[in-house]
Amino acid sequence: MTDHVKRPRLLQSLISDRWGHSGDQTLTLTEAVTDQVHAVLSFAAKDGAIAVDYARTLGGPALRAMGFHDRAQRLRALARSLKDSRSVLYRESLKIGATRHDCQLDVDGGIGRLAAMASQALKSLPNAPVLHLEDGSEPGGTAGSQQILAPLSGVAVHITALDSPVSGILEQITPALIAGVPCIVCPDPDTAGVCERLVKLIHESETLPAGALQLIYCKPLDVLNSLTSGDAISFAGTRYMAQQLRQHPSVASGLVRFQSCETGLSAAILGSDVAPGSPEFSFFVREIRSEMILRSGQRRHAVRRILLPRYREAEVMEHLVMALSETVVGMPDDPVTQMGALVSRSHMETVQAGIGRLKQEAEVVSGAVVAAAEGGGAFLSPVLLHCNQPTRAQLIHETFVQGPVATVLAYDSLCDAIALANLATCSRFSNVFTNDSPLAQEAAACLTSAEGRVRICGSDMARDALELSPDPSIPRLFAATHHSLVCGAQNIRRAVAAYMMRTEIHAPPQLLTALTGRWVEGAETRCNGHPFRKSLETLRIGDQLITASRRITEEDVEQFAHFTGDVFYAHMDREAAQAHPFFDDRVAHGQLVVSFANGLLVEPAPGPVLANIGSDNLRFHAPVYFGDCLHVRVTCKEISPRASAPFGDVRWDCCVLNSCGAVVARFDLLTLVMKSWPPLANETGAPSKPAPQITTPSVTSREQATHPAE
């Protein structure tokens, strides 16, 4: 009878669009639960140079040929594909000790944020290859300037951490791919198996062009030797490794952009106003327990130091110890398990060494440290320590243990708590649990961290968390905050801009318009029919309309004032207006001027313009007096078709002038316009009945209330 021996899986690299397993250096990976070898990877130092060259020559040009919407559409399709195949990632995650709750945070959370970031990019970025920043053109000038953000010409290398192999990769590569920069992933060896499965699923989906994403296993410093100007590095991991990367000549000289998300000694401060038995206290205990056991405490931003009021220290520690003692540590695939194993036996030994350093200044209060026997996997019980003299300690403020470990410190006053929290050499978050407004204000003003993030956790958050998220294994505080930090409109623009290069173009207006795809003052215009009657098929940048005039009367101003309630004295009181340092007489409301401007330029019959979605850059340049005649010069400034809809965004330059030709107001009008008119029958999502234009926008901000769903 033949014994069937399970052979280790050979992890493959994805280089030059080919999967392979070869190289002069090898690593063996063991399962977290059994400590048995389950995978072998091999690599060569030259892998990085080959991948970088392929990304530059093939992946970069393919991505830069698309617009933001095309790239975001592909990523949204990728999220759907990954969601259908996530069971593969769940199974692989079991080998690194992840429970089902861990997978929900990493796999489901990562896929969800990929979809959210792609959708946010479709909403907040134009369907163009570059981002426009500032227009420096002057009326009547022979030259103008335009600041743009264009994709970096090189590659983005993403060095991932061991705590979040799926969400970490997806959050790192998404902004770069949206920006149009090809990516090379260099995973942590302990979680390389999960990373390989993820990249294979992405590659098999065929949603990205060749060369847009590659996977290598060589050492990060070996990859750096192949990088130069136009390249970028995104790093997630230990502070020590980040320092090594910063010291590399390519990074130190500023040639290669460097972004770092390092491990840190995050702190949680329990306010003196929070008493046991309150919802805030229950929320605090639950969050600390969740921070310690989720992903077996290996998350880079988990709470490592717990600051308690001295007079409640013993009572609070008793609650924490009791909560931790109820944690079920066991097999990751067991439904009753609340905390699985560390990623590997070697990592557990590193964690135990870190606990040994902490025990030089603190004592274990959570009971005996229980670890698996030799060869029994990487299981470790939660470890809560207590330091009697935190102000004299040093190791607890500089030793980062990436496991289920936290240290309790006592403080006498808020000033002491802030001082203790700020002693950490590297900190990511400071969490303050309090309902006391003065305490929260002082904490927010005085707490510092590497990334400047302070979270105030009050009664509303506690009540919502306990009611809406009864599962104590998921830290609601982290999940909600992290999602908003990654997926907000401003955050996605900032993340994408990190992989783009600012350029200021100076050229004659006509050439500048051709280069940037945005009309600038002084460039060619044409008046060949009302531009609001044109669909995107026939509308062109520079199409212009000069409207008829409208005289502003005293009756107009008084009617508008009483209708809106804006009876400011400069509009209603002649003597007061004449005493005003800026005005010679009563003036018309600025919003009245803008409303009349919209009335002058609008085409009332149903047509290709579906909706007015807001205005940008509104400025009032001169007062409007009774008797002034106003007309509007509206010019098509920018056209941005949406890849996923039968309409697109059109930006119009609206210039309101008086009878002397002086500019009294100027703003960018933003509208949705159909790609064809009448709509084609096969256009997905085309409205069954054309919507009339909305002619009274809010011009102080870019509203999206009328924005149809994607």
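Please refer to the structure higher up on the page.
Treat the numbers as computed from the prediction; the structure is a model and nothing was measured.

## Description of the overall build of the protein
Part 1 of the reasoning: What the protein contains, in helices and strands, is 22 helices and 26 strands.
Part 2 of the reasoning: Expressed as a percentage of the 710 residues in the protein, the buried residues total 55%.
Part 3 of the reasoning: Here the contacts in the protein between residues at least 6 apart in sequence split such that 75% fall between residues at least 24 apart.
Part 4 of the reasoning: Element-wise, carbon and sulfur atoms account for 52% of the exposed surface of the protein, whose accessible area totals about 29500 Å².

## Comments concerning the pairing of strand E9 (residues 183-186)
Part 1 of the reasoning: Of the two faces of E9, the one holding Cys183 and Val185 and the one holding Ile184 and Cys186 are both buried throughout.
Part 2 of the reasoning: Bridge analysis of strand E8 (residues 156-159) against E9 gives four bridges, and the strand direction is parallel. Each residue of the ladder has a partner; that of Ala156, found in E9, is Cys183.
Part 3 of the reasoning: Crossover E8 to E9 through helix H5 (residues 165-179) is right-handed.
Part 4 of the reasoning: At this point the chain moves from E9, through helix H6 (residues 192-205), to the parallel strand E10 (residues 213-215), and the crossover so formed is right-handed.

## A short note on helix H8 (residues 239-246)
One full turn of an α-helix is made of 3.6 residues, so residues set three or four places apart face in the same direction.
Part 1 of the reasoning: Considered for burial, the residues of H8 that qualify are Met241, Ala242 and Leu245. Seen along its axis, H8 keeps its buried residues to an arc of 105°; they face one direction.
Part 2 of the reasoning: Taken together, the buried residues of H8 touch E8, helix H7 (220-224), strand E11 (232-237), helix H9 (249-252) and strand E12 (257-262).

## Observations concerning the packing of aromatic side chains
Part 1 of the reasoning: Taken as a whole and assessed by the stated rule, the structure comprises four aromatic pairs.
Part 2 of the reasoning: Seen in terms of ring centroids, Phe284 and Phe433 are 5.1 Å apart; in terms of plane orientation they differ by 85°. Their pairing is edge-to-face. With Phe284 in helix H10 (residues 279-293) and Phe433 in strand E18 (residues 429-433), the pair connects residues that are 149 residues apart, well separated along the chain.
Part 3 of the reasoning: Taking the relative accessible area as the measure of exposure, Phe284 reaches 0% and is therefore buried.
Part 4 of the reasoning: An angle of 45° between the planes, with centres 4.6 Å apart, marks the rings of Phe568 and Tyr569 as tilted.
Part 5 of the reasoning: Among the aromatic residues, those joined into a cluster by ring pairs are Phe283, Phe284 and Phe433.
Part 6 of the reasoning: The ring centre of Phe68 lies 5.0 Å from the NZ or CZ of Arg71, which sits over that ring.
Part 7 of the reasoning: Between the NZ or CZ atom of Arg550 and the centre of the ring of Phe596, over which it lies, the distance is 3.7 Å.

## Section: the nonpolar core
Part 1 of the reasoning: One finds Leu82, Leu170, Ile173 and Ile202 to be the most contacted residues of the largest nonpolar core, which totals 81 residues.
Part 2 of the reasoning: Discounting residues that sit within four places of it in the chain, Leu82 has contacts with Ile111, Leu114, Leu170, Leu198, Leu201 and Ile202.
Part 3 of the reasoning: With 33 residues, the next largest nonpolar core counts Leu358, Ala393, Tyr411 and Leu447 among its residues.

## Re unusual backbone geometry
Part 1 of the reasoning: Residue Pro678 is bonded to the preceding Trp677 through a cis peptide linkage, with omega at -5°.
Part 2 of the reasoning: Within the fold, Pro678 resides in the segment after strand E26 (663-674).
Part 3 of the reasoning: Of note in this structure, Arg295 is not a glycine but carries a positive phi near 55°.
Part 4 of the reasoning: Mapped onto the elements of the fold, Arg295 is located in the loop between H10 and strand E14 (303-309).
Part 5 of the reasoning: Note on Arg295: relative accessible area 4%, which makes it buried.
Part 6 of the reasoning: We note that Asn617 has phi near 60°; this positive angle belongs to a residue other than glycine.
Part 7 of the reasoning: Position of Asn617 relative to the elements: it lies in strand E23 (residues 609-620).

## So, the pattern of salt bridges
Part 1 of the reasoning: Inspection of the entire model under this criterion finds 31 salt bridges.
Part 2 of the reasoning: With a closest N to O distance of 3.1 Å, Arg300 and Asp163 form a salt bridge. Here Asp163 lies in the loop between E8 and H5 and Arg300 lies in the loop between H10 and E14, a separation of 137 residues in the sequence.
Part 3 of the reasoning: Classification of Arg300 as buried rests on a relative accessible area of 9%.
Part 4 of the reasoning: Owing to a relative accessible area of 2%, Asp163 belongs among the buried residues under this scheme.
Part 5 of the reasoning: Note that Arg633 and Glu521 form a salt bridge whose closest N and O atoms lie 3.0 Å from each other. You can see Arg633 sitting in strand E24 (residues 629-641) and its partner Glu521 sitting in the loop between helix H18 (509-516) and strand E21 (544-546), a full 112 residues away along the chain.
Part 6 of the reasoning: Where salt bridges share partners, they join Arg9, Glu92, Lys95, Glu196, Arg197 and Lys200 into one cluster.

Conventions adopted
Residues numbered from 1 in each chain as written. Predicted model: local features only at pLDDT ≥ 70, side-chain atom pairs only at ≥ 80, totals over all residues. Heavy atoms only, no water. Helix = DSSP H or I, 4+ residues; strand = E, 2+ residues; numbered from the N terminus. Buried < 20%, exposed > 50% of the residue type's maximum accessible area, 1.4 Å probe, protein only. Contact = heavy atoms within 4.5 Å. Areas by Shrake-Rupley, 256 points an atom, 1.4 Å probe, with all protein chains shown as cover. Pairing = 2+ DSSP bridges. Right-handed = clockwise from strand over helix to strand, strands pointing away. Arc of directions from axis to C-beta. Phe/Tyr/Trp six-rings, centres within 6.5 Å; stacked < 30°, edge-to-face > 60°. Lys NZ or Arg CZ within 6 Å of the ring centre and 35° of its normal. Core = buried A, V, L, I, M, F, W, Y, C linked by side-chain atoms within 4.5 Å. Salt bridge = Lys/Arg side-chain N within 4 Å of Asp/Glu carboxyl O.

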